[in-house]
Amino acid sequence: MRQLWQVLFLAAASVMLLAACDVKDLYDPNYKTSNPMADIEVDPSLDWNMTTNVPVTVKVNDDLNGEFYYQVNIYKENPVTEAEPVLLTGGVAKKGQDFQANVALAVGTPYLYVAQTDPRGRTVVQQFPVESSVDADFTKIAYEEPDATFSVGAATRSTISVPAYSTEDAEFKNATEYTGGSMQTNRVYKISAGKTVNAGKNLKLDGTLYVAGTLNGQGITLQSGKPLIVLSGGKVNDTGTFANNSDSHLTIMQGGELTANATNLSGWGDTYVLGSLKVATEFRVPSSNRDAANPSICYIGSDADITCDILYIPNNKVYIENNGVINCRTIDNKGGSELYNTCVINVSESANLNSFRLVIFDRGIMRAPSIDISSMSYGFTLRNGSMLTGYGDTKLTITAGSTPILGGTGNMS
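Read on for a plain summary of the structure. Note that the structure is a prediction, hence the values are computed from the model and not measured. (Residues numbered from 1 in each chain as written. Predicted model: local features only at pLDDT ≥ 70, side-chain atom pairs only at ≥ 80, totals over all residues. Heavy atoms only, no water.)

## Concerning the overall build of the protein chain
Our working definition: A run of H or I in DSSP counts as a helix once it spans at least four residues, and a run of E counts as a strand once it spans at least two, with each numbered from the N terminus. Note on exposure labels: buried denotes an accessible area under 20% of the residue type's maximum, exposed denotes more than 50%, and partly exposed covers the range between, all computed with a 1.4 Å probe on protein chains only. The Shrake-Rupley method, run with a 1.4 Å probe sphere, supplies the accessible areas, and residue values consider only the shown protein chains as cover.
Along its length, the protein chain carries two helices and 33 strands. Counting over 413 residues, the protein chain shows a buried share of 45%. Put simply, the protein chain shows about 21300 Å² of open surface, and 49% of that area lies on carbon and sulfur atoms.

## Describing the pattern of salt bridges
Short version of the rule: The working definition used for a salt bridge is a side-chain nitrogen of Lys or Arg within 4 Å of a carboxyl oxygen of Asp or Glu.
Taken as a whole, this structure holds seven salt bridges when the rule is applied. Close ionic contact of Lys-59 with Asp-98 constitutes a salt bridge, the shortest N to O distance being 3.4 Å. Placement of the pair is Lys-59 in strand β1 (residues 51-59) and Asp-98 in the loop between β3 (87-93) and β4 (99-106), with a sequence separation of 39 residues. Taking the relative accessible area as the measure of exposure, Asp-98 reaches 31% and is therefore partly exposed. With a closest N to O distance of 3.3 Å, Arg-284 and Glu-282 form a salt bridge.

## With respect to the nonpolar core
We count it as follows: Put simply, a nonpolar core is a bunch of buried Ala, Val, Leu, Ile, Met, Phe, Trp, Tyr and Cys residues held in one set by side-chain atoms that sit within 4.5 Å of each other. Note on contacts: a residue pair is in contact if any heavy atoms of the two residues lie within 4.5 Å.
Membership of the largest hydrophobic core comes to 55 residues, with the highest contact counts inside it found for Leu-209, Phe-283 and Ile-331. Looking at which element gives the most residues to this core, the answer is strand β10 (residues 196-205), with four residues. When residues no more than four places from it in sequence are discounted, the contact partners of Phe-283 are Thr-263, Leu-265, Leu-277, Cys-298, Ile-306, Cys-308, Ile-310, Leu-311 and Tyr-312. Val-58, Phe-68, Ala-93 and Phe-138 belong to the second largest nonpolar core, which has 25 residues in total.

## A look at the pairing of strand β12 (residues 214-222)
It is a general feature of regular strands that their side chains alternate between the two faces of the sheet. Condition: In short, DSSP must find at least two bridges between two strands for them to pair.
The buried count for β12 comes to seven of nine residues, which makes it a mostly enclosed element. For β12 and strand β14 (residues 235-244), the ladder comprises six bridges, and the chain directions are parallel. Note that in β14 the partner of Thr-214 across the bridge is Lys-235.

## Focus on the sheet that holds strand β5 (residues 111-117)
What holds strands together in a sheet is hydrogen bonding between their backbones, with the strands either parallel or antiparallel. Rules: Helix axes use the C-alpha atoms of the stretch in contact, all axes being lines fitted to C-alpha atoms, and the angles between their N-to-C directions lie in the range 0 to 180 degrees.
Strand order in the open sheet formed by four strands is β3-β2-β5-β6, and the pairing between neighbours is antiparallel. Sheet topology places β3 and β6 (123-129) at the edges, where each strand pairs with a single neighbour. The mean angle between the axes of side-by-side strands here comes to 20°, regardless of whether they run parallel or antiparallel. Looking at chain direction, strand β2 (residues 70-75) and β5 are connected through five bridges and run antiparallel. By the bridge assignment for β5, Tyr-75 is matched with Tyr-113.

## A look at the packing of aromatic side chains
This is how it is decided: Only centres within 6.5 Å qualify two rings of Phe, Tyr or Trp (six-membered ring in Trp) as a pair; their planes then separate them into stacked at under 30 degrees, edge-to-face at over 60, and tilted for everything else. Cation placement over rings: the criterion is NZ of Lys or CZ of Arg within 6 Å of the ring centroid and within 35° of the ring normal.
Within this structure, the stated rule accounts for six aromatic pairs. Through successive ring pairs, a cluster of aromatic residues spans Tyr-165, Phe-172 and Tyr-210. Its end group placed over the ring of Tyr-69, Lys-94 keeps NZ or CZ at 4.5 Å from the ring centre.

## Let's talk about unusual backbone geometry
Unlike most non-glycine residues, Asn-186 shows phi in positive territory, near 65°. Among the secondary structure elements, Asn-186 is positioned in the loop between β8 (176-177) and β9 (188-191). Here Asn-186 falls in the exposed class, since its relative accessible area comes to 67%. The phi angle at Asn-202 is positive, at roughly 55°, despite the residue not being glycine. Topologically, Asn-202 is positioned in strand β10. By relative accessible area, which is 58% here, Asn-202 ends up exposed.

As structure tokens, then:
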């Protein structure tokens, strides 16, 4: 009887197991379970990627007109504040040739940091927001002026007070309108915008003259102690020789222009070129009757351009500071002066810097086939990526003599 119950129990258990396997055969390839997530909806536009490629275009601020390449670096962090910023990519660019790259960024990256370094070693870092693309435009970013102090005399960069004349000045508004002819001494005159004065030959400026319009003449001379101020939009055209007498001053504001057949600023005084000066023959910078501690000043601003055949520096104590662009055929120098160059001097034939008292280039460039720097009293100094290079396809020849070429901070070429 006991054996019979055991048989009946095993049979019942077998039926139960067979029944269970008959309901869910997990080895059946046609068997599918229901999806418990089937009722959850997911946005089909959701991007599951953790990174994204962002097109980046960098337009450099090329003040060398496409002649040299600028270095471009793109960072994840600010290279100014971070000791080891992550460099994402880099390359070169110049005027008319932007740098372009697709940069892989983590989703949600807020900013990129783009650094532009010009051939003189000057670097500008700018922060740009990350959007669908990044357009890094440096063309409106101005370089800071170098903070180096120049000259063994008192004419340091910090002591130069650059004029800021305008038509809004009370002296201009109250000035007498000049229509031509002789001037009264110690009187202030003006040529207003839209007006033209044809002065003829041998005009002697015995009073202060502001030019916002146009002055035409043949042989204009600044008389002793009298200033000529060419304001923005003003033009002075001299088909003869533009000259000055002792302690008279010439200022060409940004947007102003003086054109002359020749200049002879042999009378000591100060010249400020912040706009355009074009001389068909010789631009003779102001000579000095002052001592080494108070030389005549020829200051060329960052927006200035000077074009002449010969740049002539007389044998006197003159402090020349160039922050703009000078284009000439030759430089002729009689010694004793000082030159501080932070921008570009192009000389198509020869640059005679022989017997300069002192020459310092700070982020400056001179292009010339030949440069004579022999017999300088205090040497020739190149700072912060300054360069001496050939003109066009012509290689540079340097006559140094006993003059040492000194390197300041940064690189020199």
